[in-house]
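The residues making up each chain are set out below.
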Amino acid sequence: MKPLRIALAQIAPRLGLFDENLAVHHELLGRARDDGAGLIVFPELGLTGYLLQDLAAEVAIRLDDPRLASLAAETEGCSAVVSFVEESGDHRLFIAAALLEDGRIRHVHRKLFLPTYGLFDERRFFAAGDVLRATPSRVGVGIGLAVCEDFWHLSVPSILALDGAQILVNVSSSPGRDLAATNEVGLGTATSWQTLIRTYAQLTTSFVVFCNRVGVDESISFWGGSEVIAPSGEALFTAPLFEEGLFSVDVALADVRRERVALPLLRDERPEWAVRELSRIVAERAGLARDSTAEDGADPGLDVAPGDPVPRPIGFRPGDQSRSEDDADTPAAGVAGEPPRR
Amino acid sequence: MTAQLFELPAELAIDTGVARRVISEFIRGQLRQAGFERLVLGLSGGIDSALVAYLSAEAIGAERLLCVLMPYRTSSDASRADAEEVVRRLGCASELVDISPMVDGYFADDPDATPLRRGNFMARQRMAVLYDRSVTWGGLVVGTGNKTESLIGYTTLFGDNACAFNPVGDLYKSQIRQVAADIGVPEAIIRKAPSADLWPGQTDETEAGFTYPVLDRLLFWRIDKRRSTEELEALGFDRALVERVDRMVAGAEFKRQVPPIAKLGPRTAGVDYLYPRRRPGSARG
C-alpha cells in the first residue's frame, strides 16, 4: 500500500480576519496537495482565530457558505480538515471542524466539550455539539474528528475508535502555559498533550494526528508542536514549538492492522458493559436510582446527607429580655429544653 | 555563575529559552495587531526595565526601541549610569528627560507633601512623558512591572503600571532575575538591591520588610498553587507573614483591574460588550 502523506498546517491565524485566513488555507492546501499530501490538516478555528468573544457571531458561516465550498473545491484527489465558527439554521454558533474530500464537505464535527474554566470562556460564546461519529474517508480508513478539549475526555477517542476510526484527528488552539524548568519540553501544556496523544494512539491502536496553531491572540501564545503518532504510541513526527510551517510526514496505514492483530485491545473492548454501567451512573446522578456511593439519608440525586438540625435558633427571641451582660455566657433562660423555633 | 548572582528558589525556576521565545512572539504580535513597529519604555537603571529593553531589542531589533531616562534630582547617579550602560550595550535610541522641574513646580507651594505623594506624582509624570514620547517616536509604551509587585500592589496606579502591554507581568522578581541573567543584562543591575528610587536610600525589601525570594515563593504557592494558610505554614511560612501578604494582595485588586462602569444600557464595555482589544479595524490605519 502506498504511504499516506499527512500535511500539518501549523499556522498563526489572524484574529477575526476570515478572508486573510482563507487565503492562507487556499495557498497551503494547494502546496500540500501538489506535494502529494493525501490528508491536510489545519488547526482549530484556523479560518477565524481563537479568542473571538463577541466577534464569533461576526465571522460565523453556514455550511452552505461559498467560501467553504471554495476550499472544498480544492480537495479533488485529497482530504483536508479545516475549522471555523459554524452557524446552524437556528443560529447557534459552534466551533466546527469539517472533513473536505473530492470537492465536497464529507463530514462536520461540532466541538463537544467547551472549556469554561481557567483562561477559557468558550461556553459563554458557543454551543456544544451533540454528535460524535467516525466517518469513512477516501484515504481508505475511517477518520475521527475531534477539536482540542474534546481530547481531554477519555470517551472521545475511545468512541471514535470503536466507531471505526483508524486515524484520530485532533485540531487545536492550545494556549501554552507553565514554564516550570522541570517540564520535559519546557512547557507544561506541551508535556501534557504529548502524554495524552501517545496514550490515546496506543490504547485505541490508531494513528493520532494533532494539529495545533501558533501565534498570539491577546495575552495567550499558542505553542504548535503538532504531531503524528503511530498506533504503537510512537511519535512519527513532532513539529517545532511556536514555529509557523507546513510539515509533512508519510505513514503506512498497514501499521494499524499490524498493531491491532498484535495488540487486540479494540477487539476486547466491552462497549455493552460500559453502556450498562454508564446508564446506571446517569440514572443515579438524575436521582432516578439509588446512588451506590451516596451517604445514607441523602436525597435522590444528592450524595451528601443534610447535617443534624440546628438545636436552637441564633439571636434574639421573645423570653430573652431578662438576660443581662452578666449572664451572657449562660444558656438563655426559658428556652432550654424547648424545641427549636423558626 | 548565576547561582552566585542571585537567589532562585527551585520551584520558581523556569525554562528561560521558552520564556524568551513566547515573549518575543508576544511583543511582535501586539505590535502587529496594533499597527505599530516601534516601542518606547522608561529605563530606570533597575532590573525590570533593563530586562524589558533587552527583550524588546531581541523581539524587534534595538533600532526600533526608544529608552527614555527620566531621573528626578534625587534619583541616584548609579541608576542613571546603569541605564546608560544598557543603552550603550543595546545600541538603541535614548532620551533624557529630567522630571524635576515638573514635579518641583507642582509641589512648590506644598513643601510638606509626603514622600508617598511625591513618589506617586513622579511615577505619573514619567507615565505622561512616555505617552507623549509614544507620539513623537511613533511607538507603543511597553510595560515593565513584574508579577510580585503587581500582586502586592507595590505600583502606582496610572503611573508605572500604565502601558499598552506588558511582556514581563507574569514573571515573579526571582524569575525576572533568571531571565535577565540568561539574556545578558549587566551583572551590576542584577546584583543590586531593587529600589523604586523615589527617595535616596529607598529599597523595596527594607520598605516591605521581606526578601523577594521569600515573597515570591509565598505568592507562588498561595496564588499559582492554591495552597491554604495551613498548608503554607506546613511549608515553613510564618502565619503572620501569610496573613499580611494576603491583605496586601486583596487590597491591591483594584490596581490590577479596569475600573468598573455602572451598568445602565443594553451593552456595557467589559460586562456584556466583549471584544478582543485588537480586532479587525483596531489597528492604526
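To start, this report covers the structure provided alongside it.

**Some words on the overall build of chain B**
Each helix and strand counted, chain B has 13 helices and four strands in total. By the compact-globule yardstick of 19 Å for 285 residues, chain B fits well, its C-alpha radius of gyration being 19 Å. Oriented by its inertia axes, the alpha-carbon framework of chain B measures out at about 55 × 55 × 50 Å. Looking at the 285 residues of chain B, the share that counts as buried comes to 39%.

**Describing helix α8 (residues 271–285) of chain A**
A rise of 1.5 Å per residue sets the reference length of α8 of chain A, with its 15 residues, at 21 Å; its end C-alpha atoms lie 21 Å apart and thus fit the reference within 8%. Burial within α8 of chain A is sparse, with just zero of its 15 residues counted as buried.

**A look at the sheet that holds strand β5 (residues 104–110) of chain A**
Residues and elements named next belong to chain A. Here we have six strands laid out as an open sheet, ordered β5-β4-β3-β2-β1-β14, and mixed in their pairing. Each edge of the open sheet carries a strand with a single partner, namely β5 and β14 (245–251). For this sheet, the mean inter-axis angle between neighbouring strands, taken without regard to orientation, is 25°. Relative to the sheet, helix α1 (residues 18–34) contacts β1 (4–10), β2 (39–41), β3 (79–87) and β14, its axis offset from that of β14 by approximately 35°.

**With respect to the pairing of β5 of chain A**
All names here are of chain A. Inspection of the sheet shows strand β4 (residues 93–101) paired to β5 by six bridges, in the antiparallel sense. Counterpart to L99 in the pairing with β5 is H107. Two successive antiparallel strands, β4 and β5, enclose a turn made up of two residues, where D102 displays a positive phi of approximately 50°.

**Here we look at α1 of chain A**
Helical geometry note: an α-helix holds 3.6 residues per turn, so side chains three or four residues apart project in the same direction. Residues and elements named next belong to chain A. Taking 1.5 Å as the rise per residue, α1 with 17 residues should run 24 Å; its terminal C-alpha atoms sit 24 Å apart, in good agreement. Buried within α1 are the following residues: F18, N21, H25, L28, L29, A32 and R33. Down the axis, α1 shows its buried residues gathered within 130° of arc, on one side only. Residues of α1 that are exposed and point over 90 degrees away from its buried face: D19, A23, E27, G30 and D34. In the core, the buried residues of α1 are packed alongside β1, β2, α2 (56–59), α3 (66–72), β3 and β14.

Rules used throughout
- Residue numbers here run from 1 along each chain, matching the order of that chain's written sequence.
- Just so you know, chain letters begin at A and ligand numbers begin at 1, following the order they were written in.
- Local features are withheld for residues below a pLDDT of 70 in this predicted model, meaning they are given only at 70 or higher, and side-chain atom pairs are given and counted only at 80 or more; totals for whole chains, interfaces and linings count all residues.
- Counting from the N terminus, the helices are the DSSP runs of H or I reaching at least four residues and the strands are the DSSP runs of E reaching at least two.
- Each radius of gyration reported is based on C-alpha atoms, and the globular scaling rule is 2.2 Å times the count of residues to the power 0.38.
- Counting other C-beta atoms within 10 Å of each residue's C-beta, where C-beta atoms are placed from the backbone, gives the exposure class: buried for 20 or more, exposed for 12 or fewer, partly exposed between.
- To estimate how far a helix should reach, multiply one less than its number of residues by 1.5 Å.
- Strand pairing requires that DSSP identify at least two bridges connecting the strands.
- Lines fitted to C-alpha atoms define the axes here, with helix axes fitted over just the stretch in contact, and angles between the N-to-C directions of these axes take values from 0 to 180 degrees.
- Residue pairs qualify as contacts under a 7 Å threshold applied to their C-beta atoms, which are placed from the backbone.
- Read the arc as the range of directions from the helix axis to the C-beta atoms.

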